[in-house]
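The chain contents come next:
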Amino acid sequence: MSQPTIESILQEKRLFRPAEDFSSAAHISSMAQYQALYEQAAADPAAFWAELAEQELDWFQKWDQTLDWQPPFVKWFVGGKLNISYNCLDRHLTTWRRNKAALIWEGEPGDSRTLTYAQLHREVCQMANVLKDLGVKKGDRVGLYMPMIPEAAIAMLACARIGAAHTVIFGGFSADALRDRLNDAEAKVVITADGGFRKDKAVPLKAAVDQALEDNAVPSVAHVLVVQRTQQEVNWQADRDVWWHERQPTASADCPAEPMDSEDLLFILYTSGTTGKPKGVVHTTGGYNLYTHMTLKWAFDIKDTDVYWCTADVGWITGHSYIVYGPLSNGATSLMYEGAPRASNPGCFWDVVEKYGVTIFYTAPTAIRAFIKMGDELPKARDLSSLRLLGTVGEPINPEAWMWYHEVIGGGQCPIVDTWWQTETGGFMLTPLPGATPTKPGSATKPFPGILADVVDLDGNPVGANEGGYLVIKHPWPSMMRTVYGNDERYRKTYWEHIPPQDGQYLYFAGDGARRDEDGYFWVMGRVDDVLNVSGHRLGTMEIESALVSHPAVAEAAVVGRKDELKGEDVFAFVTLEGQYSPSDSLKAELKQHVVKEIGAIARPGDIRFADALPKTRSGKIIRRFLRNLASGEEIVGDATTMEDQSVLDKLREEA
Ligand code: WTA
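Residues numbered from 1 in each chain as written. Predicted model: local features only at pLDDT ≥ 70, side-chain atom pairs only at ≥ 80, totals over all residues. Heavy atoms only, no water.

Enquirer: Whenever I open this one, helix α3 (residues 31-43) confuses me. Can you help?
Expert: Each full turn of the α-helix corresponds to 3.6 residues, which orients residues three or four apart in the same direction. Helix length check: α3, at 13 residues, gives a terminal C-alpha distance of 18 Å against a target of 18 Å (1.5 Å per residue), a fit within 8%. Looking only at α3, the buried set comprises Tyr 34, Leu 37, Tyr 38 and Ala 41. Viewed end-on, α3 has its buried residues packed into an arc of 100 degrees, placing them on one side of the element. More than 90 degrees from the buried face of α3, the exposed residues found are Ala 32 and Ala 43. (Helix = DSSP H or I, 4+ residues; strand = E, 2+ residues; numbered from the N terminus. Expected span 1.5 Å × (residues − 1). Buried < 20%, exposed > 50% of the residue type's maximum accessible area, 1.4 Å probe, protein only. Arc of directions from axis to C-beta.)

Enquirer: Help me understand the sheet that holds strand β24 (residues 522-527) in this model?
Expert: Pairing between sheet strands relies on hydrogen bonds along the backbone, with the strands arranged either parallel or antiparallel. If you walk across this open sheet you meet the four strands as β21-β22-β23-β24, and the pairing is antiparallel. Both outer strands of the open sheet, β21 (453-456) and β24, are each paired with one neighbouring strand and no more. Adjacent strand axes in the sheet meet at a mean angle of 45 degrees when their direction is disregarded. (Pairing = 2+ DSSP bridges. Axes fitted to C-alpha atoms, helices over the stretch in contact; angles between N-to-C directions.)

Enquirer: How should I be thinking about the environment of Ile 473 in this particular structure?
Expert: Position of Ile 473 relative to the elements: it lies in strand β22 (residues 469-473). Ile 473 gets classed as buried once you look at its relative accessible area, which sits at 1%. For the pair Ile 473 and Tyr 508, spaced 35 residues apart in the sequence, the C-alpha separation amounts to 5.0 Å. Not counting chain neighbours up to four residues away, the residues in contact with Ile 473 comprise Trp 420, Met 429, Ile 451, Leu 452, Ala 453, Tyr 506, Leu 507 and Tyr 508. (Contact = heavy atoms within 4.5 Å.)

Enquirer: Hey, could you run me through the environment of Pro 327 in this one?
Expert: Following the sequence through the fold, Pro 327 ends up in helix α12 (residues 317-329). Between the C-alpha atom of Pro 327 and that of Thr 292, which follows or precedes it by 35 residues, the distance is 8.3 Å. Not counting the four nearest positions on each side in its chain, Pro 327 is found in contact with Tyr 117, Leu 296, Tyr 308, Ser 321, Tyr 322, Ala 332 and Ser 334.

Enquirer: Help me understand the site of the ligand in this model?
Expert: Taken together, 17 residues lie around the ligand, and Asp 418, Thr 419, Thr 423, Asp 512 and Arg 538 are the ones closest in. In the environment of the ligand, an oxygen atom lies 2.9 Å from a nitrogen or oxygen atom belonging to the side chain of Gln 422. Between the ligand and Asp 512 there is a distance of 2.5 Å, counted from an oxygen atom to a side-chain nitrogen or oxygen. Against a free-state accessible area of 530 Å², the protein chains account for coverage of 96% of the ligand. Those elements giving two or more residues to the shell around the ligand turn out to be α12 and β24. In terms of residue class, the shell around the ligand is made up of six nonpolar, six polar and five charged. (Near = heavy atom within 4 Å. Polar contact = N/O pair within 3.5 Å; in protein donor to acceptor, adjacent residues only side chain to side chain. Areas by Shrake-Rupley, 256 points an atom, 1.4 Å probe, with all protein chains shown as cover. Nonpolar A, V, L, I, M, F, W, Y, C, P; charged D, E, K, R; others polar.)

Enquirer: Which parts of the structure should I look at to understand the nonpolar core?
Expert: Nonpolar side chains in soluble globular proteins generally cluster together in the buried interior. Among the nonpolar cores identified, the biggest contains 167 residues, and Trp 49, Leu 120, Ile 191, Tyr 325 and Val 575 are the most heavily contacted of them. With 10 residues, helix α7 (residues 150-162) is the largest single contributor of residues to this core. Not counting the four nearest positions on each side in its chain, Val 575 is found in contact with Leu 548, Val 554, Glu 556, Ala 557, Leu 591, Ile 608, Arg 609, Phe 610 and Ala 611. In terms of nonpolar packing, the next biggest core, distinct from the first, is built from 32 residues, Ala 101, Val 358, Ile 397 and Ile 416 among them. (Core = buried A, V, L, I, M, F, W, Y, C linked by side-chain atoms within 4.5 Å.)

Enquirer: What's the story with the packing of helix α14 (residues 365-374) against helix α16 (residues 399-409) in this structure? I'm lost.
Expert: A packed helix pair is summarised by two numbers, namely the angle formed by the two axes and the spacing between the axes. Across the interface, α14 lies against α16 with an axial gap of 10 Å and an inter-helix angle of 70 degrees. In terms of their interaxial angle, α14 and α16 are classed as roughly perpendicular. Crossing of α14 over α16 shows left-handed handedness. The residues of α16 that touch α14, namely those facing Ile 368, Arg 369, Phe 371 and Ile 372, are Ala 401, Trp 404 and Tyr 405. (Parallel < 35°, antiparallel > 145°, perpendicular 65-115°, else oblique. Left-handed = near helix turned anticlockwise from the far one by under 90°.)

Enquirer: How should the side chain of Arg 538 be read in this particular structure?
Expert: In this fold, Arg 538 is placed in strand β26 (residues 537-540). Of note is the side chain of Arg 538, whose polar atom sits 3.4 Å from the side chain of Thr 271. Sequence-distant contacts of Arg 538, that is, excluding residues within four places in its chain, are made with Thr 271, Ser 272, Lys 279, Gln 422, Thr 423, Glu 424, Arg 527, Val 531 and Leu 532.

Enquirer: Explanation requested: the sheet that holds strand β16 (residues 307-310) in the structure shown.
Expert: Taken in spatial order, the seven strands make up an open sheet running β5-β4-β17-β16-β18-β19-β20, and their pairing is mixed. The open sheet has two edge strands with one neighbour each: β5 (112-116) and β20 (416-418). In this sheet, neighbouring strand axes are inclined to one another by 20 degrees on average, regardless of whether the strands run parallel or antiparallel. With four bridges connecting them, strand β4 (residues 101-106) and strand β17 (residues 333-337) associate as parallel partners. For Glu 106, the partnering residue across the bridge sits in β17 and is Tyr 337. Packing of helix α6 (residues 117-133) onto the sheet brings it into contact with β4 and β5, and relative to β5 it is tilted by some 90 degrees.

Enquirer: I keep staring at the pattern of salt bridges and nothing clicks. Help me out?
Expert: Once the charged atoms of two side chains with opposite charge are near each other, the side chains can pair. If you walk through the whole model with that rule in mind, you get 46 salt bridges. Residue Asp 570 is joined to Lys 567 by a salt bridge in which the shortest nitrogen-to-oxygen separation is 3.5 Å. Assessed through its relative accessible area of 7%, Asp 570 is described here as buried. (Salt bridge = Lys/Arg side-chain N within 4 Å of Asp/Glu carboxyl O.)

Written as structure tokens, this is what we have:
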């Protein structure tokens, strides 16, 4: 019998049921079990989470109150004391896991390193003591600007251990972006490296930190702790800069974990929004620890025999929750990879899977689409038979990519766990439980137990099956963001005021459009606000527009997303120039470079179009909808009569 084609499978609307041998060995092994957990949690979410918190985490002191919900501000496990680095390290040391691999690191070029739980614990304690020596105290903030090396995870855990909050800034952000974030967080110390390896090149990191701190631009920073990675030349400021390798040999490995209040700040992670500068999403200790622990355990069915690899960077929430905290809290083996597929080594991911016998592999649709382009030969030439579960995150996965992932990488054997979540949610919200939930290509399926998700209209009324609406969450969950750092009002406005409460129940507004099908499966459609999703990275259109208008040639800028086969979406900018400037290719290139300087390479516009004027309403608002149509070469959809000047559109069309 011939294999069905991908098209015929899609037309069949096939369900992929978990294989029996997978289910029988899984933590959650049937839909009946999922349903029971879901209903138990929905009936009394606080009791549900309290029971798990007791079972799964170690506490120095039990909480007095499980949930304190004063919308939109939440507290979980109030009065409880714990330390996430204790839960990720110390508690495993008294078990056989002491000598189990905690982190497996595959570096570039050709480096590798494995740290057992005992070794990782030792290094975390040493770094924690060095931070203390540098004056870092409980409640302080520490900025991390790191390549993908074990020291990135060590630094996060060291901060958590002494009760300092970390704010990790993705190594691809520019010095300007770094400066803004360090200032907003008022970081006391920055941990960085001389450089990191990216796509066969040693890229400088310390130099960007120097630039960010120039002229005392971040007055809160007293020291920079530098890991030697690439051996490249660095400038040195003796009263400020400290080498990690000079401190480590003499640093004490004795550093008991600080008892933290469940609601003490664990980290700030900046993410793009619709307005203004990126916002610092605040996560606290207890709820975040519990939720990342539980979601990894049940949705990825993590076991002691697994070699688990998440390909994200620690600079994003996925790296925080699912390279560092979730896996280590579970005592799992987490693989960290410094490299990325590139022309000189397109099969590197599959080499890593083969080399370490990776069993669980978690990546993004944009990567999967890139692999499809590279051809089946690369994965087929490697032994991928160790894989037993595949995960995806970052954007809606197109069914074609899902099917390829399933067939070519998973050999038709591995459940695909499509996880919908956000920086703000801390952990997976919509996800299959692989031993229970039948999957549909392109759907993140159902809510995790304890998550009450819905699709509603702007008034908060649930929409019918298969009707589009806004994705909302109806009850607080443990790893929910607590606020925007230093800006409670912005938190309230961004997430809680778009949609009014229903019967006194507040609705968390995720910013995504979705529909729910006749089986109750969620299909997330993408952002409904002015946030772009470029290769799974969130970028605010406003942020890029501000970067563009900060260039002297630019009078006005409007940024929209243009559909892109690989990236999902690409940055497309419309720009009007100041009188004395005229359009040219060199100016285009200069403006692109300007955005790279202001934000980082991830925000570089794929294209810029110069315009005499931008389409606006009579009240002066730029009509982005039209620009989106123009950027994608589509017909203009919608009513153009509200426009102030009709000829603007004709002109823009002509120039296309
Ligand atoms: C999108 C990343 C569809 C979504 C963890 C969300 C997804 C934003 C999925 C958050 C998915 C993430 N299916 N869309 N499985 N996962 N998204 O904060 O638009 O970087 O709002 O968190 O990515 O991006 P963030």
